[in-house]
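Structural overview for review
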Amino acid sequence: MAGRGRLRIYLGAAPGVGKTYKMLGEAQRRRERGTDVVVGFVETHGREHTAAMLDGLEVLPRRIVDHRGASFTELDLDALLARRPEVALVDELAHTNVPGSRNAKRWQDVDELLSAGIDVISTVNIQHLESINDVVEKITGVPQRETVPDRVVRAADQIELVDMAPEALRRRMAHGNVYAADKVDAALGNYFRVGNLSALRELALLWLADRVDAGLQQYREQHQIDATWEARERVVVALTGGPEGETLIRRAARIAARSAGGDLLAVHVTRSDGLTGADPARLAEQRRLVESLGGSYHQVVGEDIPDALLAFARAENATQLVLGGSRRTFLSTMLTGPGIGATTIRESGDIDVHIVTHAEMGRGRLPRAQGSLSRRRLGYGFALAVVLPPALALLLGLGGDTLNLTSNVLAFLFAVVVVALVGGLWPAMLTAVAGTVVLNFFFTPPTRTFTIAEPNNALALGIFVAVAALVSSVVDRSARRTRQAARAAAESETLATLAGTVLRGETALQALLERVREAFGMTSACLMERIDSDELNESWRPIASAGTPTCRRPEDGDAKIPGREGLVLVLQGRSLAADERRLVGAFAAHAAALVDRARLSEAAAEAKPLAEADKLRTALLRAVGHDLRSPLASAKASVTSLRSSDVDWSPAERDELLETADESLDRLSRLVDNLLDLSRLQAGVLPVFTRPTALDEILPGVLGELDDDGAGVTVELPPGLPLVEVDPALLERVLANLLANAIRYSPAGHGPLLTGSALGDVVEIRVIDRGPGIPVEDRDRVFAPFQRLGDTDNTTGVGLGLALARGLAEAMGGSLRPEDTPGGGLTMVVSMPSATMNDAPVPGRLERGGAR
């Protein structure tokens, strides 16, 4: 079986930059090298230079699709699969296929070709990417109806940006190389303004840069490259939770802003033995500040703060690290050695470290819980235990006979307390033993021997040893309690961060796993679910993961934490201590809750259409009984009467019966059409084919559908009203329903008025009546299917008119809203995009629901 084909995409910022031309140029080069290349679908848009590039290439005939009385051409997927070339050219990846095609979107056709082992070259514009569709609409004011999921484009093996300066593209258009001469002015004055093109160009460059950056990061991970590659500036700012944090964040943001595309990352290191003095409220404020400046906040746990900072920076491929100047005093620095900043600078390697001054420098060291078990403190303690007893013996010996044994014992007891405070129990006990030997040998009569002549001296030495042991034990226990409290504070801080993600609504499972991986210094975190289990083996599948490599089985990880039955959080990187496992268990439980919540949401989403359909079906059965029976009964009675041989009908009576039957069947046909269209709207499968249309084209059909009632309608359309981008048949249905409703409620002699106006890129059509109007609180209810104001009249319809009108208007990219008529009555406002508001904004272009 052939492997999956490779996908190459030419990405452009706007129509006309030359994507198709580039694609055909690549096809010509491959053909010259002997590659079997077939043009599956290429749209030249009438550009002669693009069409000339097709010379010599095999072009597959297009498939003709008939829909609603019109013929359209589409990619012949079956023929292309049967032809099976090495490379297929398929233009316009975001294209929407005509209804009746095998797939709704062209990118789905491309996926079938790739699955068949055929390489594909395609094109797409930046405005068609789903993730930035709304951003493009804000920039250009043009809604994009054709989109392609980002994952489809990101999965391409190659993406090449086809770039062109806005001024150059506008010159191409002015020379007639993009659109016909009669369409150039409209395009240049609307979609193709310099500002729009510059913004779209920046979006394309940034999106592609992110995609390249993700590929680079994956490459570094696969090849285990830890060295910093300065392909892009990434600035990491270290936060302690102190008052200087805001100064550091703003400084780091300015550094990141100096380079285009620079990233800002803030990191707070929580020591495994805790870090007191980090105000959670202040850290939360600093996190909000970082995110408001476009950065991201991270929290990691590390035994050694400089090591943790640099490990995080290297993992993120950071180029610069911003630290605050030390808050410790000069004396504190002299006693405890170099601080975090000096150590980080010494070990930073190729990462630039910035030490930023601030108002808190030198105002006291960071308050930090000190534990007796740290290696540094133990080292200091044992050093003092070795140095202090002989030094103190020498110092006391210089005093001669001026001090008695009691004073000497108190001096050595002070030394024991000092050592206990610094190094804990065992260095203090060593000091006590050494002090006892020194006191016995040098200061207890008879001196220079280990003999004790007087019982009280022996008692004094015994009490000294006991007091030294007790003091050492108390100090050590206090230090352990402090360490435990600090560890609990660190766990609380981490759990508070987890709770904060819940309160802020951060429910992305991927983001949660990334937090776990960062917080506990792991290389990867994977949530796995058991899908099959028997006595001999178990099968697992990963639900989500962060970091690399991704585990395939729970046995692949260094730590396994159950979230619930059948769900386990697997971590790789190192083993977890017992207290860490308890903390990770909270994350695992939260991850399991996220999975369950997501599945419940999916189930609810699946059930909602069924419930809506059931509700609709119930309402339909309740509402249409009369409306279906009435025209059927009238038509049946008329036809039965005509067929009856018992009565000799006159020609006038026969014509009246035929007219009654015809009107009843027309009424029944309209009702069925409305029901079918409403069901298609609610299912999201109503076909919409828009094109630039003049309102004058639509009004004759609208008034004709109203029969004699249309004579009472007044039409006042101003001259020069722009064309609207609509489906003419659907807009005709909308206006006919609104006018029929207005006629029904208008007083005698005051028929409805239909008028229009243009507001910017929108055309508003108003249907005005002088009827009773609708109260504000009931205006949403009247648009519900099978709903009529008051629900008292069931002889004039089933209440589908307004619901169908709004649904059809929104399906065409417009809207329908009610307003009060000045002086009394109701005005229905239909807003539709003008003909300049379309994907390739040129008057006269045929949208066809995405088929071009």
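Residues numbered from 1 in each chain as written. Predicted model: local features only at pLDDT ≥ 70, side-chain atom pairs only at ≥ 80, totals over all residues. Heavy atoms only, no water.

Section: the sheet that holds strand E21 (residues 753–759)
Across a sheet, strands are paired by hydrogen bonds formed along the backbone, either parallel or antiparallel in direction. Strand order in the open sheet formed by five strands is E19-E21-E22-E24-E23, and the pairing between neighbours is mixed. Here the strands that pair on one side only, and so sit at the sheet edges, are strand E19 (714–716) and strand E23 (815–820). The average undirected angle you get between the axes of adjacent strands in this sheet is 20°. The sheet contact formed by E19 and E21 spans three bridges and is parallel. Across the sheet, the residue bridging to threonine 714 is leucine 753, located in E21. (Pairing = 2+ DSSP bridges. Helix = DSSP H or I, 4+ residues; strand = E, 2+ residues; numbered from the N terminus. Axes fitted to C-alpha atoms, helices over the stretch in contact; angles between N-to-C directions.)

Description of the packing of aromatic side chains
A ring pair, where both rings are aromatic, is described by two values, the distance of the centres and the angle of the planes. Summed over all chains, the structure comprises one aromatic pair. Seen from their ring centres, phenylalanine 72 and phenylalanine 689 are 5.9 Å apart, and the 15° between their planes marks the pair as stacked. With a gap of 617 residues between them, phenylalanine 72 in strand E5 (residues 70–74) and phenylalanine 689 in the loop between helix H21 (651–683) and strand E18 (691–693) connect regions that are remote in the sequence. What makes phenylalanine 72 buried here is its relative accessible area of 7%. Looking at phenylalanine 689, the relative accessible area reads 12%, which means it is buried. Between the NZ or CZ atom of arginine 62 and the centre of the ring of phenylalanine 41, over which it lies, the distance is 3.9 Å. The ring centre of phenylalanine 41 lies 3.9 Å from the NZ or CZ of arginine 106, which sits over that ring. (Phe/Tyr/Trp six-rings, centres within 6.5 Å; stacked < 30°, edge-to-face > 60°. Buried < 20%, exposed > 50% of the residue type's maximum accessible area, 1.4 Å probe, protein only. Lys NZ or Arg CZ within 6 Å of the ring centre and 35° of its normal.)

Some thoughts on the pattern of salt bridges
If you walk through the whole model with that rule in mind, you get 24 salt bridges. A salt bridge links glutamate 26 to arginine 8; its shortest N-O distance comes to 3.5 Å. Taken together, the residues span a long stretch of sequence, with glutamate 26 in helix H1 (residues 19–32) and arginine 8 in strand E1 (residues 7–12) at a distance of 18 residues. For the pair shown, glutamate 26 and arginine 8 are each scored as buried. Between aspartate 78 and arginine 102 there is a salt bridge, with the nearest N and O atoms lying 1.8 Å from each other. Taken together, the residues span a long stretch of sequence, with aspartate 78 in helix H3 (residues 77–83) and arginine 102 in the loop between strand E6 (87–90) and helix H4 (106–115) at a distance of 24 residues. With a relative accessible area of 47%, aspartate 78 lands in the partly exposed category. Residues joined by salt bridges that share partners form a network here, namely Arg8, Glu26, Arg29, Arg30 and Glu160. (Salt bridge = Lys/Arg side-chain N within 4 Å of Asp/Glu carboxyl O.)

Remarks on the nonpolar core
Counting 57 residues, the largest nonpolar core has Leu80, Leu89, Leu93, Ile126, Val148, Val153 and Leu200 as its most contacted members. A per-element tally of this core places helix H9 (residues 194–222) first, with six residues. Those residues within four positions of valine 153 in sequence are excluded, and the remaining contacts are Ile9, Leu93, Leu129, Val148, Ile159 and Trp207. Ranked by size, the runner-up nonpolar core spans 35 residues in total, among them Val734, Met812, Leu816 and Met832. (Core = buried A, V, L, I, M, F, W, Y, C linked by side-chain atoms within 4.5 Å. Contact = heavy atoms within 4.5 Å.)

Digging into the side chain of threonine 693
Inspection of the secondary structure puts threonine 693 in strand E18. Overall, threonine 693 belongs to the buried group, its relative accessible area being 0%. Only 2.9 Å separates the side chain of threonine 693 from the backbone oxygen of arginine 691, close enough to count as a polar contact. Ignoring any residue separated from it by four or fewer positions in sequence, one finds threonine 693 in contact with Ile698, Leu723, Val724, Val726 and Pro728. (Polar contact = N/O pair within 3.5 Å; in protein donor to acceptor, adjacent residues only side chain to side chain.)

A look at the sheet that holds E6
Within the open sheet, the six strands sit side by side as E3-E2-E6-E7-E1-E8. Their pairing is parallel. Single-partner strands in this sheet number two, and they are strand E3 (58–59) and strand E8 (158–162). Direction of pairing for E1 relative to E8: parallel, over a ladder of five bridges. Bridging from a neighbouring strand, tyrosine 10 pairs with glutamate 160 of E8. Sitting on the sheet, H1 touches E1, strand E2 (37–41), E6, strand E7 (119–125) and E8, and the angle it makes with E7 is about 165°.

As for the packing of helix H22 (residues 695–705) against helix H23 (residues 728–745)
The contact between H22 and H23 brings their axes to 9 Å, and the two run at 50°. If you check the angle between H22 and H23, you find them oblique. Of the two possible hands of crossing, H22 and H23 adopt the one that is right-handed. Residues Leu695, Ile698, Leu699, Gly701, Val702 and Glu705 of H22 touch H23, and the partners they reach there are Pro728, Leu731, Glu732, Leu735, Ala736 and Leu739. Classifying every residue of the contact of H22 with H23 by side-chain character gives nine nonpolar, one polar and two charged. (Parallel < 35°, antiparallel > 145°, perpendicular 65-115°, else oblique. Left-handed = near helix turned anticlockwise from the far one by under 90°. Nonpolar A, V, L, I, M, F, W, Y, C, P; charged D, E, K, R; others polar.)

Points about the confidence of the model for the chain
For the chain, the average pLDDT comes to 77, and 76% of its residues sit at 70 or higher. In the model, residues 273–277 has pLDDT below 50 throughout and makes 14 contacts with residues more than four positions away in sequence or in other chains. Overall, residues 789–798 carries pLDDT values under 50, and its contacts beyond four positions in sequence, including any with other chains, amount to 27 contacts. (pLDDT = per-residue confidence, 0-100.)

Digging into unusual backbone geometry
For arginine 84, which is not glycine, the phi torsion reads 50° and is therefore positive. Its location among the elements puts arginine 84 in the loop between H3 and E6. Looking at arginine 84, the relative accessible area reads 43%, which means it is partly exposed. The phi torsion at glutamate 92 lies on the positive side, around 55°, for a residue other than glycine.

A few points about the environment of glycine 302
Position of glycine 302 relative to the elements: it lies in strand E11 (residues 296–302). The sequence separation of glycine 302 and phenylalanine 520 amounts to 218 residues, and the corresponding C-alpha distance is 7.6 Å.

Re a nonpolar patch on the surface
Together, Phe382, Val386, Val387, Trp426 and Leu430 line one region of the surface with nonpolar side chains, adding up to about 520 Å² of accessible area. Residue assignment for the nonpolar patch shows that the elements contributing at least two residues are helix H15 (375–397) and helix H17 (425–443). The element that contributes the greatest number of residues to the nonpolar patch is H15, accounting for three residues. Since its relative accessible area comes to 49%, valine 387 is described here as partly exposed. (Patch = residues over 30% accessible without salt bridge, like charges linked within 9 Å, V, L, I, M, F, W, Y side chains within 5 Å. Areas by Shrake-Rupley, 256 points an atom, 1.4 Å probe, with all protein chains shown as cover.)

Overview of H1
Helix length check: H1 (14 residues) gives 20 Å between terminal C-alpha atoms against 20 Å at 1.5 Å per residue, within 8%. Considering only its buried residues, H1 is in contact with E1, E2, helix H2 (48–52), E6, E7 and E8. Immediately downstream of H1, the backbone of glycine 34 shows phi near 95°, a positive value. (Expected span 1.5 Å × (residues − 1).)

Structural notes on the pairing of E21
In this sheet, strand E22 (residues 762–768) lies alongside E21 in antiparallel orientation, the contact comprising seven bridges. Looking at E22, one finds that leucine 753 is bridged to isoleucine 768. Counting the residues in the hairpin turn of E21 and E22 gives two residues, including glycine 760, whose phi is positive at 65°.

Topic: the pairing of E6
Alternating positions in E6 separate into two faces, Val87 and Leu89 on one and Ala88 and Val90 on the other, with burial throughout. Note that E2 and E6 share four bridges and pair parallel. What sits directly across from phenylalanine 41, in E6, is valine 90. Here E6 pairs with E7 via four bridges, running parallel. Its bridge partner being in E7, valine 90 is matched across the sheet by serine 122. Crossover handedness for the path E6 to H4 to E7: right-handed. (Right-handed = clockwise from strand over helix to strand, strands pointing away.)

Considerations on helix H11 (residues 280–292)
For an α-helix, the turn length of 3.6 residues means that residues three or four places apart are oriented alike. Here H11 is 13 residues long and its end C-alpha atoms lie 18 Å apart, about the 18 Å a rise of 1.5 Å per residue gives. Among the residues making up H11, those that are buried are Leu283, Gln286, Arg287, Leu289 and Val290. In a view along the axis of H11, the buried residues occupy a sector of 160°, so they form one face of it. For H11, the exposed residues set more than 90 degrees away from the buried face come down to Arg288 and Ser292. Phi turns positive, to about 85°, at glycine 294, one or two residues after H11. (Arc of directions from axis to C-beta.)

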